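# Tertiary structure, described
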Amino acid sequence: MTYVPGSPVAPPAPAIHVTGAAIGFGGRLLFSGLNMVAPGGRTTCLLGPSGVGKSSLLRLIAGLLSGSGRISADDGQPLTGRLAWMGQQDLLLPWATILDNVILGSKLRGEKVGLAHRDRAMALLDAVGLMDRATCRPDALSGGMRQRAALARTLFEDRPVVLMDEPFSALDAITRLDMQDLAARLLTGRTVIMVTHDPLEALRLGHEIRVLSGSPPHLSAPLTPDGETPRPTDQPGLLVQQGKLLHHLRQGGVA
Amino acid sequence: MMGARFVRGMVTLAGLVLAWALLVRLADLPHYILPGPERVALRLVDDWALLARHAGFTAAEIVLGLGLGTLCGGLAALALTASSAARRWLLPLLLASQAIPVFAIAPLLVLWLGYGMASKVAMATLIIFFPVTASFYDGLRRTDPGWLDLARTMGATPWTMLRHVRMPAALPALGSGLRMAAAVAPIGAVVGEWVGASAGLGYLMLHATARVQTDLTFAALFILALLAVGLWLLVDLIVRRALPWLPDSVMNKEETK
């Protein structure tokens, strides 16, 4: 296995508690009184029909959205500066090389970017298989490669908590499976909250799966599939669960 | 591909010159109303030194005005982006200032800054200032919200966000503003020269017309057109070189033909 700098995470990644979260959107209350715990060092997948507010919940946790409720870590430390964000688009800066995109966070924090930064970024690019593309601009890369570069950038931040908003939804099916394997491997030990609309993705990657649905939206009890992540796609149990989840989602969460 | 485009342009130009020559012949126009192309060409050769001296003067005004206007416009756009106070106090003023035709204040500029180069540079600067400010400010405001979210989670300060994300993202918009500025800059300089000057192509044209040396007017106009086109091409080239990541679908299509 490739050596990934900065991992495993020490000290252990904290669990995240969301208590009494409420978000309004355009004068309408999206949801209120929402409680959730994302266990430390585990991956929690958040499923739900589109428009239900799962992305908003994630943005609330990231501090990108103002709403009410308490977001806290179980180790009592504030979350600010301890989380990394990965969005649906790769959000690579088109004018910067892949390497510069990976170390963007350091530049934005005003750190002096030195050889140590570059070495770590190159090691991460190696881990996602983009070592030879470090000096390319993003427009020279395919969609899958760009999302791998975005993953390297997320890992470069080296934060114990990683929030992902449908990170692989723009990729084709095969590339998506590859990305899931890569992400599961490289994010081991971190507290990951991943929003997705793909039940299969949730079942492959999630230690816990939560469904946000209904009107007003509420969270289902956590579903905990067996086996190590990333789970293989040809497990009969996984496919049965996928069917159940799909049914649950189509029913609007009344199961 | 570039060669084919150049040849096509030359053919069009030759056609126009031919039509011009025919018009003068057939309508039997006196040369002080419309001189034929051969008279203008002769004048270009004979008075080359005179034309070059005045052209140098006008070119200097345009380039200085372009530099100064871009600098002021860029700074104004940054100030508008960085400070809400600037937006509240400066933006209405900036928009209202566009209601005053710059040509109308040309006499004032000459009165204040004299007949020399300064009043023309001020004129060109004023005319360039607005398109540069407007386009750059627009670009700075329209940063992809996804990038801003990402930068926020990375702990960016307003300054590093501006430096590493918003400013580079606004460069294409600034590039459009610069192209527009390059196209209007000669107007500013020449209008300034018409109002009152002792040198420059605008001054030369005014004098030549008054003395019914229409062929000299045309010769000066020809040089002015060359200057304007050359400046635009230069700015376009610089903008293109500076923004290599930008897809240019129009150019690519033209070039594959």
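Residues numbered from 1 in each chain as written. Chains lettered and ligands numbered in written order. Predicted model: local features only at pLDDT ≥ 70, side-chain atom pairs only at ≥ 80, totals over all residues. Heavy atoms only, no water.

Looking at an unreviewed UniProt entry, one finds chain A named ABC transporter domain-containing protein, with Niveispirillum lacus as its source organism. UniProt's Sequence similarities (unreviewed entry) comment on chain A is quoted here verbatim: "Belongs to the ABC transporter superfamily." (UniProt positions renumbered as here; feature names shortened; annotations may be inferred.)

## What to know about the overall build of chain B
For chain B, the count of helices and strands is 11 helices and zero strands. Reading the helices (α) and strands (β) of chain B from amino to carboxyl end gives α-α-α-α-α-α-α-α-α-α-α. In terms of overall dimensions, chain B has C-alpha extents of about 75 × 55 × 30 Å along its principal axes. Relative to its full complement of 257 residues, chain B shows a buried share of 40%. Put simply, of all contacts in chain B between residues at least 6 apart along the chain, 73% involve residues at least 24 apart. Surface exposure of chain B reaches about 14200 Å², of which carbon and sulfur atoms provide 73%. For chain B, the centre of its 20 positive side-chain charges and the centre of its 14 negative side-chain charges are spaced 8 Å apart. (Helix = DSSP H or I, 4+ residues; strand = E, 2+ residues; numbered from the N terminus. Buried < 20%, exposed > 50% of the residue type's maximum accessible area, 1.4 Å probe, protein only. Contact = heavy atoms within 4.5 Å. Areas by Shrake-Rupley, 256 points an atom, 1.4 Å probe, with all protein chains shown as cover. Lys, Arg positive; Asp, Glu negative; His and termini not counted. Charge placed at Lys NZ, Arg CZ, Asp CG, Glu CD.)

## Quick look at the interface of chain B and chain A
In this assembly, 20 residues from chain B lie in contact with 21 residues from chain A. In total, chain B and chain A occlude about 1800 Å² of area from one another, counting both sides; carbon and sulfur atoms represent 70% of this. Counting the surface chain B buries against chain A, the share from its top three residues, Thr153, Met154 and Trp245 of chain B, is 38%. Where chain B packs against chain A, one counts one salt bridge. When the shortest N-O distance is used, the salt bridge between Arg59 of chain A and Asp149 of chain B registers 2.5 Å. Counting every contact that joins chain B to chain A gives four residue pairs in polar contact (both at pLDDT 80 or more). Counting residues per element, the ones that place at least two in the side of chain B that touches chain A are α7 (145-153) and α8 (158-195) of chain B. Sorting elements by how many residues they give to the side of chain B that touches chain A places α7 of chain B first, with seven residues. (Buried area = accessible area lost by both parts, 1.4 Å probe. Salt bridge = Lys/Arg side-chain N within 4 Å of Asp/Glu carboxyl O. Polar contact = N/O pair within 3.5 Å; in protein donor to acceptor, adjacent residues only side chain to side chain.)

## A closer look at the environment of Leu174 of chain B
All names here are of chain B. Mapped onto the secondary structure, Leu174 falls in helix α8. The class of Leu174 is buried, set by a relative accessible area of 15%. Spatially, the C-alpha atoms of Leu174 and Tyr115 are 32 Å apart, while their sequence positions differ by 59 residues. The residues contacting Leu174, other than those within four sequence positions of it, are Val132, Ser135 and Phe136.

## Details of the sheet that holds strand β8 (residues 208-213) of chain A
All names here are of chain A. One open sheet holds the six strands; their spatial order is β5-β6-β7-β3-β8-β9, and the pairing between them is mixed. Across the chains shown, the open sheet's two edge strands, defined by having one partner strand only, are β5 (83-86) and β9 (218-219). Of the strand pairs in this sheet, strand β6 (residues 161-165) and strand β7 (residues 191-195) are connected by five bridges, and their pairing is parallel. Bridge pairing in β7 places Met164 opposite Met194. Sheet strands in contact with helix α8 (residues 236-250) are β3 (43-47) and β8, and its direction is about 20° off that of β8. (Pairing = 2+ DSSP bridges. Axes fitted to C-alpha atoms, helices over the stretch in contact; angles between N-to-C directions.)

## Points about the nonpolar core
Core analysis: the largest hydrophobic core is formed by 72 residues, its most contacted members being Ile16, Phe31, Met36, Leu57, Leu163 and Ile193 of chain A together with Ile128 of chain B. No other element matches α8 of chain B, which puts 11 residues into this core. Shared between two domains, this core takes at least three residues from each, and those domains are domain 1 (1-82 + 163-255) and domain 2 (92-158) of chain A. Not counting chain neighbours up to four residues away, the residues in contact with Leu163 of chain A comprise Leu58, Ile61, Ala62, Leu83, Ala84, Trp85, Met86 and Ile193 of chain A. (Core = buried A, V, L, I, M, F, W, Y, C linked by side-chain atoms within 4.5 Å. Domains from an automatic or database assignment.)

## A word on unusual backbone geometry
All names here are of chain A. Cis peptide bonds are those with omega within 30 degrees of zero, and the linkage from Thr229 to Pro230 qualifies with -5°. Take Pro230: it is sitting in the loop between β9 and α8. With a phi close to 55°, Leu91 is a non-glycine residue in the positive phi region. Relative to the assigned elements, Leu91 resides in the loop between β5 and α2 (98-102). The class for Leu91 is buried, based on a relative accessible area of 8%.

## With respect to the domain arrangement of chain A
Residue and element names in this part refer to chain A. The assigned domain composition of chain A is domain 1 (1-82 + 163-255) and domain 2 (92-158). Domain 1 and domain 2 are separated by 25 Å when their C-alpha centres are compared. Between domain 1 and domain 2, the residue contacts involve 16 residues of the former and 12 residues of the latter. Interface of domain 1 and domain 2: buried area, both sides summed, is about 1200 Å²; carbon and sulfur atoms make up 76% of it. Connecting domain 1 to domain 2 are one salt bridge. Classifying every residue of the side of domain 1 that touches domain 2 by side-chain character gives 11 nonpolar, three polar and two charged. (Nonpolar A, V, L, I, M, F, W, Y, C, P; charged D, E, K, R; others polar.)

## A look at the confidence of the model for chain B
All names here are of chain B. Averaged over every residue, the pLDDT of chain B is 88; residues scoring 70 or more account for 95%. Element-level mean pLDDT values for chain B span from 50 in helix α11 (residues 249-256) up to 93 in helix α3 (residues 48-82). Per-residue pLDDT stays below 50 along residues 252-257; that stretch engages in three contacts with residues further than four places along the chain or on separate chains. (pLDDT = per-residue confidence, 0-100.)

## Observations concerning the pattern of salt bridges
When their charged atoms lie close together, side chains carrying opposite charge are able to pair. The final tally for this structure, using the stated rule, is 19 salt bridges over all chains. Note that Glu157 of chain A and Arg159 of chain A form a salt bridge whose closest N and O atoms lie 3.4 Å from each other. The salt bridge partner of Arg43 of chain B is Asp47 of chain B, with a shortest N-O separation of 2.6 Å. Within this structure, Arg109, Glu111, Glu157 and Arg159 of chain A form a network of salt bridges that share partners.

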